Number of protein chains: 2
Amino acid sequence: MVGVGLIGGSIGLAARERLPGARVKGYDRDPAAIEAALERGAVDEGCSSPERAAHDVDICFVCCPVGQLGTEVGAVLGAGGDSAVTDVGSAKRAVVDSVRAAQLPESDRSRFIGGHPLAGAEAAGVRHARADLFEGATWYLTPGERTSGVHYDRLYRVISGLGARPTAITPETHDRLMATVSHLPHVLANVLVGQAARALLEEEQHLPATGPSFRDATRVAGSNPAVWRDIFVANRETIGAELQAYAAELERLIALLRDGDASAVEQWIEGARADRQRLLELELAGGAVSELRVSVPNRPGIVAQIAVALGEGGVNIVDMALYPAADMQSGAIALWVAGAESAERAMELIAGIGYPATVVANGDES
Amino acid sequence: MVGVGLIGGSIGLAARERLPGARVKGYDRDPAAIEAALERGAVDEGCSSPERAAHDVDICFVCCPVGQLGTEVGAVLGAGGDSAVTDVGSAKRAVVDSVRAAQLPESDRSRFIGGHPLAGAEAAGVRHARADLFEGATWYLTPGERTSGVHYDRLYRVISGLGARPTAITPETHDRLMATVSHLPHVLANVLVGQAARALLEEEQHLPATGPSFRDATRVAGSNPAVWRDIFVANRETIGAELQAYAAELERLIALLRDGDASAVEQWIEGARADRQRLLELELAGGAVSELRVSVPNRPGIVAQIAVALGEGGVNIVDMALYPAADMQSGAIALWVAGAESAERAMELIAGIGYPATVVANGDES
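How each quantity is defined
Residues numbered from 1 in each chain as written. Chains lettered and ligands numbered in written order. Predicted model: local features only at pLDDT ≥ 70, side-chain atom pairs only at ≥ 80, totals over all residues. Heavy atoms only, no water. Helix = DSSP H or I, 4+ residues; strand = E, 2+ residues; numbered from the N terminus. Buried < 20%, exposed > 50% of the residue type's maximum accessible area, 1.4 Å probe, protein only. Contact = heavy atoms within 4.5 Å. Areas by Shrake-Rupley, 256 points an atom, 1.4 Å probe, with all protein chains shown as cover. Axes fitted to C-alpha atoms, helices over the stretch in contact; angles between N-to-C directions. Parallel < 35°, antiparallel > 145°, perpendicular 65-115°, else oblique. Left-handed = near helix turned anticlockwise from the far one by under 90°. Buried area = accessible area lost by both parts, 1.4 Å probe. Salt bridge = Lys/Arg side-chain N within 4 Å of Asp/Glu carboxyl O. Polar contact = N/O pair within 3.5 Å; in protein donor to acceptor, adjacent residues only side chain to side chain. Nonpolar A, V, L, I, M, F, W, Y, C, P; charged D, E, K, R; others polar. Pairing = 2+ DSSP bridges. Phe/Tyr/Trp six-rings, centres within 6.5 Å; stacked < 30°, edge-to-face > 60°. Least-squares fit on C-alpha atoms with pLDDT ≥ 70 in both. Disulfide = S-S within 2.5 Å.

## Re the overall build of chain A
Right, on to step 1. A count of helical and extended segments in chain A gives 14 helices and 11 strands.
Right, on to step 2. In chain A, which comprises 366 residues, the share counted as buried stands at 58%.
Right, on to step 3. At a minimum sequence separation of 6, the contacts of chain A that also span at least 24 residues come to 71%.
Right, on to step 4. Within the structure as shown, chain A displays about 13700 Å² of accessible surface, and the carbon and sulfur contribution to it stands at 49%.

Take a look at the structure:
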């Protein structure tokens, strides 16, 4: 393991718990992280360099920040040996290209396979590592034409052993998917908070207590600048292209608005409605999602009361958002549950404790 | 009342409950809505036309869809009388301009004051109307140079009587604020779902189970097309200008990415981080918001358990989001609470029931 944070630490824990006879060596630029990993039982042995951690192992996982991937992967491959080498970064083309271009024997370059587990990073650091972090998670791998089959096979089997679902993908497709569903939302949130802050300053106004859309759209704004700098830079070509396409679509709407073409605008929104429903259904593998709105007083215990009622009634909440009203004394809870039947049941349960609830087709504020 | 849906109905309920001697007449294009408003006690009397509803009243609230505002307000003013006439639409310039341009005596035009209560429309229809809907809510009013002071004063006092805080604003400033914090988020969500749907189709991939950013950013995509068509069209000049500014900022980032300037990209994200913190603090009138992440199994009752613990411990949850992991068996709960002290208390309470929790500065996924 080169880098023993949340992901590296979780791989170590999962390997030691699930793979019979597994032994884990770990290096990190931060010596305290190695200590913590030893204490957590995420590694068997701490190492003083990436090369030592990668020496004489079956697989070397490089789990360092995205901006250091090229360097660390190059160092590990350059030290020779027969290990399969992989990484866990959320941009793949940059690291794959850097290995392709590295001054290394083909036999070393062919040992590298890019990787990216889609595992929740709810909090950073080995302290939050969990042996079950990868259970059922998609783990993208980017084998190429020159990838050594024996090393790929070894990596594939170990990743399956960690509980994940290894999924082969090209670096280009991976980076486009991530650009669209993760990197773009971060860019859009960043631009929106900036624009809102500017408008409020120029108009000398406070943030109006409108509906939830602004809060939802800006929740990730300004997320970890060092991490996202690396991701944006590593995936800059694809993000740039997706941003161009995004800006072009904004221009299309600007033209519709300039023409004042109400029915074209409505069609444009209808298209988004259909797209969103399609994506939600894809995400939940075929199950439609229903949204409920409940009007409630805004006080400690209210979320509990509703969640208890639904929990006891066997309804699982897929997503939830709280929308306090301007006075912070009242508000609404939006709940998403899987399937129309669950929605009906949830309505009954919530009505039973005295709050008015409605099923809505889609978030609505105006 | 011209239009007795959620807002019109709530004004009726609030007026009858809070204003001594108030009598409410109501018209709606949908006769069933008038019936429902009578049953709910939101109006004292149903009327067969806007003119009759507005005849011989102190104030006429026009609460119809944004696209019909010009027509209905014009009809009510044209019927004469001495009532103050206002509306509740979420775009103000279009209706104010249409009254200015109307072929009416100045004495009638001066009786109109544009209005917009920022009240939660968690579900449409008079069935969900509440007498306390406007309690503490900002209620924008757009008096102009030619507005009759006596009518403005009358409206101001009644709106205060409904529990709201009347706040004077120019139509231009109102429309820019709404464009930035409400209309833009809807446009951005619509464009993003479309782009993601296209990318997934072209790449023949399923939606990857990445972090919460995509779901948050697209939650309002495709919201009520008829309602949002009207708003987009009514506020099209301002939305168009804000979209141009937004696209220009995207171009600025595209250029930074093209140059591969990592430190400029990091600065750009740092700017968004500062903007978001500023906006959150403004929203809560000075109180900083802390975010906690809790790793949990994903099963009915889990939200309840945590919410009960916090509720009993006196910690109020400002916002909440659930992030199921790929396997839908585990996941994370993000909680936002006001103030560092509440965050510490929440950490203790959650640790007390056995879940690992961390305070994070900002949503983080990669």
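There's plenty left to go through after this.
## Let's talk about the packing of helix α11 (residues 236–259) of chain A against helix α11 (residues 236–259) of chain B
A pair of packed helices is characterised by two quantities: the angle between their axes and the separation of those axes.
Right, on to step 1. Axis separation between α11(A) and α11(B) bottoms out at 9 Å; the angle between their running directions is 165°. Taken together, the axes of α11(A) and α11(B) are roughly antiparallel relative to one another. In this structure, α11(A) meets α11(B) at a crossing whose hand is left-handed.

## Here's the deal with the interface of chain A and chain B
Right, on to step 1. Across the contact, 134 residues belong to chain A and 134 residues belong to chain B.
Right, on to step 2. Across the interface of chain A and chain B, roughly 12200 Å² is buried in total on both sides, 64% from carbon and sulfur atoms.
Right, on to step 3. Summed over the shared surface of chain A and chain B, the result is eight salt bridges.
Right, on to step 4. The partner of Glu202(B) in a salt bridge is Arg176(A), with the nearest N and O atoms 2.9 Å apart.
Right, on to step 5. Across the contact surface, chain A and chain B share 24 residue pairs in polar contact (both at pLDDT 80 or more).
Right, on to step 6. The element contributing the most residues to the side of chain A that touches chain B is helix α8 (residues 171–203) of chain A, with 25 residues.
Right, on to step 7. Classifying every residue of the side of chain A that touches chain B gives 70 nonpolar, 34 polar and 30 charged.

## A short note on unusual backbone geometry
Right, on to step 1. Its identity as a non-glycine residue notwithstanding, Glu204(A) has a phi of 50°, on the positive side.
Right, on to step 2. For Glu204(A), a relative accessible area of 73% translates into the label exposed.

## Side note on the pattern of salt bridges
Right, on to step 1. Counted according to the given criterion, the structure contains 46 salt bridges over all chains.
Right, on to step 2. Residue Asp216(B) pairs with Arg219(A) through a salt bridge whose shortest N-O separation is 3.3 Å. In this pair, Asp216(B) is assigned in helix α9 (residues 213–218) and Arg219(A) in the loop between α9 (213–218) and α10 (225–234), connecting two distinct chains. We note that Asp216(B), like Arg219(A), is buried.
Right, on to step 3. Asp216(B) sits in the buried class, given a relative accessible area of 3%.
Right, on to step 4. Salt bridges sharing common partners tie together Arg176(A), Glu242(A), Glu202(B) and Glu203(B).

## Let's talk about the environment of Leu69(B)
Residues and elements named next belong to chain B.
Right, on to step 1. Examined against the element boundaries, Leu 69 turns out to sit in helix α4 (residues 69–78).
Right, on to step 2. Spatially, the C-alpha atom of Leu 69 lies 31 Å from that of Ala 247, the residues being 178 residues apart in sequence.
Right, on to step 3. Look past the residues within four positions of Leu 69 in its chain and what remains in contact with it is Val 62, Cys 64, Gly 74, Asp 87, Gly 89 and Val 95.

## Observations regarding the sheet that holds strand β6 (residues 138–142) of chain B
Residue and element names in this part refer to chain B.
Right, on to step 1. Spatial ordering of the open sheet is given by β3-β4-β5-β6-β7, a layout of five strands whose pairing is mixed. A single partner strand is all that each edge strand has here, and the edge strands are β3 (59–62) and β7 (165–168). Put simply, the sheet's adjacent strands are angled 30° from each other on average, direction ignored.
Right, on to step 2. As paired strands, strand β4 (residues 84–87) and strand β5 (residues 112–117) are joined by two bridges and run parallel to one another. From the neighbouring strand, Thr 86 faces β5, where its bridge partner is Ile 113.

## A closer look at the packing of aromatic side chains
Right, on to step 1. In the structure shown here, the tally under the stated rule is eight aromatic pairs over all chains.
Right, on to step 2. Here the aromatic cluster, defined as three or more aromatic residues joined through ring pairs, consists of Phe61(A), Phe134(A) and Trp139(A).

## Description of the relation of the copies chain A and chain B
Right, on to step 1. Of the transformation placing chain A onto chain B, the axial shift is 0.0 Å and the rotation is 180°, giving an RMSD of 0.1 Å. The two molecules are tied by a two-fold rotation axis, judged by turn and shift.
Right, on to step 2. Same-surface contact between copies: 100% of interface residues of chain A are shared with the interface of chain B.

## Considering the state of the cysteines
Residue and element names in this part refer to chain A.
Right, on to step 1. Per the stated rule, a full pass over the model turns up zero disulfides over all chains.
Right, on to step 2. You can see Cys 64 has no disulfide; the closest cysteine sulfur is in Cys 63, sitting 7.9 Å from it.
Right, on to step 3. Residue Cys 64 is classed as buried on the basis of its relative accessible area, which comes to 11%.

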